[in-house]
Amino acid sequence: MTEELAVNGGPKTRDTSVKPWPTIANASGRDFGEQEMELLREVMESGSLGYMYGSMVKQFEAEFAARHGAKHACAVSSGTAALHTAMGALQLEVGDEVITSPVTDMGSVIAIVQCNCVPVFADVEPETMLLDAQSVRERITDRTRALMIVHLLGQPCNMDEIMAVIEEHGLYLIEDCAQSHDAKWDGKDVGTFGHFGCFSLQQSKQITTGDGGIVITDDDGLADEAYRFHDKYYDRSGQNRPPERIGMNYRMSELVGAVALAQTRKLDRINTRRRETAEALMAGIAAIPGINPATVHPKATHGWWRMALSIDEEELGADAPTFSQAISAEGLPFGRGAARGEPICMLPAFQDYAAYGTGDFPWERPYGRRVEYRLEDYPGTNWAMANVWTASWNEGYTLDDVDDILRGLRKVSEWYTARG
Ligand SMILES: Cc1ncc(COP(=O)(O)O)c(C=O)c1O
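Asker: Can you break down the overall build of the protein chain residue by residue, with the values?
Answerer: For the protein chain, the count of helices and strands is 13 helices and 14 strands. Taking 2.2 N^0.38 as the reference for a compact globule, 420 residues should give roughly 22 Å; the C-alpha atoms of the protein chain span a radius of gyration of 22 Å, in line with that estimate. For the C-alpha atoms alone, the extent of the protein chain along its principal axes is close to 80 × 55 × 40 Å. For the protein chain, with 420 residues in total, the buried portion stands at 55%. Within the protein chain, counting contacts between residues at least 6 apart in sequence, those at least 24 apart form 71% of the total. Total accessible area computed for the protein chain in this model is approximately 17000 Å², and 50% of it derives from carbon and sulfur atoms.

The structure is reproduced here in structure tokens:
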């Protein structure tokens, strides 16, 4: 006899009002301590809070670049700023097209549109929600200049396939690594395949400063443009060149730099903890009838920003909405959908081409193309939105938490498979 489900009035697997899950919203799921405090104290005592005068941001850039084997790093104020800095450095023409993923954060697309380029969305592979290289190929036009890939939930895109597209079409490649610190493809760090790798340090990310970001590149010329773009196009290299273009002020302060440096030094230990619990959870899920763990490519080293699972409705004997209600009633930390419940291009901003004023710039002619964003063009994304559940993950999760999640999933699976 299986235990009555909480959704039917039975006992919850975990009463989260008594035993909450660790969360990225506070210290329960974040790794802050003496290392951050010490460096913050150093900054305050130095009296230099701006990066031009201090050493903390420079040190953070040097150590972040070194751990990725990258030649240059430019610290900025957010992940969106990192992507905008990369886009700004490319100096594309108004109306040029940049292909990206429909399963992403607004930050990726803001960076494209704020450079007056037209975002084009390729579809994703349903199980992983990572860009499908064949779909990218199909959306390339004579205006396509760049591809912005998104390493989603901590998982790298299939870089063998992505690099083949880049080489075939001679495109720029920007890697959005906001969710994927320390993820690797075939042993190589994400962010080091393309012209730019862009990372976020926002509160929920593997390492965080609340808000912040960083761009890495091996290209000397692009690095110079990125540094200048992020700091009003001023030249801080000592060469005293005047601003020849319009840039932004995306500077990182020394206080943020101190926390970023301490967190970078902890990234290995943070991700070791995330991997231990995430892999235990995935192995446990693999043994539960009707529930499938995240699909991870054999060449991928996952950074486990979020957890993912899907169901086999027939084997489980329950449809997606029923399963969703059941796991939420059990108190399990899985929410619905990967991003916003539909491809990002279905949001009003894109449906209404609403970037500037009342016109359709940069989509309108003669600048760009009025790309149609239609739900039916994204079958892989639509499947994922209906069938993949994700849970925010963090280094505060323990193997005891994993046991609770697995108990809850087993209870739900046993209940429905027994009746199916
Ligand atoms: C895939 C992706 N791209 C870009 C961003 C933007 O980063 P930020 O919030 O730091 O601006 C995020 C963060 O939420 C993200 O998850």
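Asker: Tell me about the sheet that holds strand E11 (residues 300-301), and name the residues and values.
Answerer: In space, the three strands of this open sheet follow the order E7-E6-E11, with antiparallel pairing throughout. Two strands bound the open sheet, and with one partner strand each, they are strand E7 (188-189) and E11.

Asker: Which residues make up helix H8 (residues 254-286), and what values do they have?
Answerer: Relative to the 48 Å expected for 33 residues at 1.5 Å per residue, H8 spans 45 Å between its end C-alpha atoms, a close match to the ideal helical length. At Lys266, H8 shows its largest bend, some 55 degrees. Put simply, Ser253 is the residue that caps the front of H8, since its side-chain oxygen is 3.3 Å from the backbone nitrogen of Leu255.

Asker: Outline the packing of helix H1 (residues 34-46) against H8, supporting the account with residue identities and numerical values.
Answerer: For any two helices packed against each other, the geometry is given by the interaxial angle and the distance between the axes. Direction vectors running N to C along H1 and H8 enclose 155 degrees, while the axes themselves pass 8 Å from each other. Overall, the two elements H1 and H8 adopt an arrangement that is roughly antiparallel. Crossing handedness for the pair H1 and H8: right-handed. For the pair H1 and H8, the contacting residues are Gln35, Glu36, Leu39, Leu40, Val43 and Met44 in the first and Glu254, Leu255, Ala258, Val259, Leu261, Ala262, Gln263, Arg265, Lys266 and Arg269 in the second.

Asker: Before we move on, can you summarise empty space enclosed by the protein with the specific residues and values?
Answerer: One pass over the structure, following the stated rule, counts two cavities of 30 Å³ or more. In this structure, the largest cavity is lined by 14 residues; those nearest its centre are Thr128, Leu153, Gln155, Ala294 and Ala308. The element that contributes the greatest number of residues to the lining of the largest cavity is strand E12 (residues 306-311), accounting for three residues. Taken domain by domain, the makeup of the lining of the largest cavity includes at least three residues from each of domain 1 (6-30 + 267-338 + 383-419) and domain 2 (34-265). Of all elements in the fold, only strand E10 (291-293) and E12 reach the threshold of two or more residues within the lining of the second largest cavity. Broken down by element, the residue count for the lining of the second largest cavity peaks at three residues, all from E12. Here the lining of the second largest cavity is built from residues that sort into five nonpolar, three polar and one charged.

Asker: An account of the nonpolar core is requested, with residue identities and associated values reported.
Answerer: By size, the foremost hydrophobic cluster in this structure holds 76 residues, and its most contacted members are Leu147, Phe323 and Leu409. In terms of residues, this core owes the most to one element, helix H13 (residues 399-419), which gives seven residues. Beyond its immediate sequence surroundings of up to four residues, Leu409 is in contact with Ile285, Ile288, Ile291, Leu309, Phe323, Ile327 and Leu332.

Asker: A description of the site of the ligand should follow, citing residues and the corresponding values.
Answerer: Taken together, 14 residues lie near the ligand, and Gly79, Thr80, Asp176, Ser200 and Lys205 sit nearest. Here an oxygen atom of the ligand and a side-chain polar atom of Thr80 are 2.5 Å apart. Between the ligand and Asp176, the relevant distance is 2.6 Å, taken from a nitrogen atom to a side-chain nitrogen or oxygen of the residue. Calculation on the ligand without its partners gives an accessible area of 380 Å², and the protein chains cover 90% of this total. Top contributing element to the shell around the ligand by residue count: helix H3 (residues 79-90), with three residues. A per-class count over the shell around the ligand returns three nonpolar, eight polar and three charged.

Asker: Kindly report on the side chain of His151, identifying the contributing residues and their values.
Answerer: Its place among the elements puts His151 in the loop between strand E4 (144-150) and helix H6 (159-169). Aside from chain neighbours lying at most four places away, what touches His151 is Leu130, Pro156, Cys157, Met159, Glu175, Asp176, Cys177, Gln179, Ser180 and Val190.

Asker: Go over the domain arrangement of the protein chain, please, and point to the residues and values.
Answerer: Segmenting the protein chain into domains produces domain 1 (6-30 + 267-338 + 383-419) and domain 2 (34-265). Between domain 1 and domain 2, the C-alpha centre-to-centre distance is 30 Å. With 30 residues of domain 1 at the interface, the matching set in domain 2 holds 29 residues. Carbon and sulfur atoms supply 56% of the area that domain 1 and domain 2 bury against each other, a total of about 2500 Å² over both sides. It is Leu267, Lys299 and Trp305 that lose the most area in domain 1 upon contact with domain 2, and together they represent 32% of the buried surface on that side.

Asker: Got a sec to walk through the sheet that holds strand E5 (residues 172-176)? Specific residues and values, please.
Answerer: Read from one edge of the open sheet, seven strands run E1-E9-E8-E5-E4-E2-E3, paired in mixed fashion. Both outer strands of the open sheet, strand E1 (72-76) and strand E3 (118-121), are each paired with one neighbouring strand and no more. Going from strand to strand, the sheet's axes swing by 20 degrees on average, the running direction of each strand aside. Of the strand pairs in this sheet, strand E2 (residues 97-100) and E4 are connected by three bridges, and their pairing is parallel. Across the sheet, the residue bridging to Glu97 is Thr144, located in E4. Here H6 sits on the sheet and contacts E4 and E5; the angle it forms with E5, its principal contact strand, is near 150 degrees. Contacting E1, strand E8 (196-200) and strand E9 (213-217), helix H7 (residues 220-230) runs over the sheet at an angle of about 15 degrees to E1.

Asker: With reference to specific residues and values, describe the pairing of E9.
Answerer: Burial of E9 is extensive: five of the five residues sit out of reach of the surface. Where E8 lies against E9, four bridges are found, and the strand directions are antiparallel. Paired with Cys198 across the strands is Val215, a residue of E9.

Rules and cut-offs
- Residues numbered from 1 in each chain as written.
- Predicted model: local features only at pLDDT ≥ 70, side-chain atom pairs only at ≥ 80, totals over all residues.
- Heavy atoms only, no water.
- Helix = DSSP H or I, 4+ residues; strand = E, 2+ residues; numbered from the N terminus.
- Rg over C-alpha atoms; globule rule 2.2 N^0.38 Å.
- Buried < 20%, exposed > 50% of the residue type's maximum accessible area, 1.4 Å probe, protein only.
- Contact = heavy atoms within 4.5 Å.
- Areas by Shrake-Rupley, 256 points an atom, 1.4 Å probe, with all protein chains shown as cover.
- Pairing = 2+ DSSP bridges.
- Expected span 1.5 Å × (residues − 1).
- Bend = angle between axes of the 7 residues up to and from the residue.
- Polar contact = N/O pair within 3.5 Å; in protein donor to acceptor, adjacent residues only side chain to side chain.
- Axes fitted to C-alpha atoms, helices over the stretch in contact; angles between N-to-C directions.
- Parallel < 35°, antiparallel > 145°, perpendicular 65-115°, else oblique.
- Left-handed = near helix turned anticlockwise from the far one by under 90°.
- 1 Å grid on protein atoms, 1.4 Å probe; cavity = no way out; pocket = protein on both sides within 12 Å on 5 of 7 lines; lining within 4 Å.
- Points joined across faces, edges and corners; volume = space filled by probe spheres on them.
- Domains from an automatic or database assignment.
- Nonpolar A, V, L, I, M, F, W, Y, C, P; charged D, E, K, R; others polar.
- Core = buried A, V, L, I, M, F, W, Y, C linked by side-chain atoms within 4.5 Å.
- Near = heavy atom within 4 Å.
- Buried area = accessible area lost by both parts, 1.4 Å probe.

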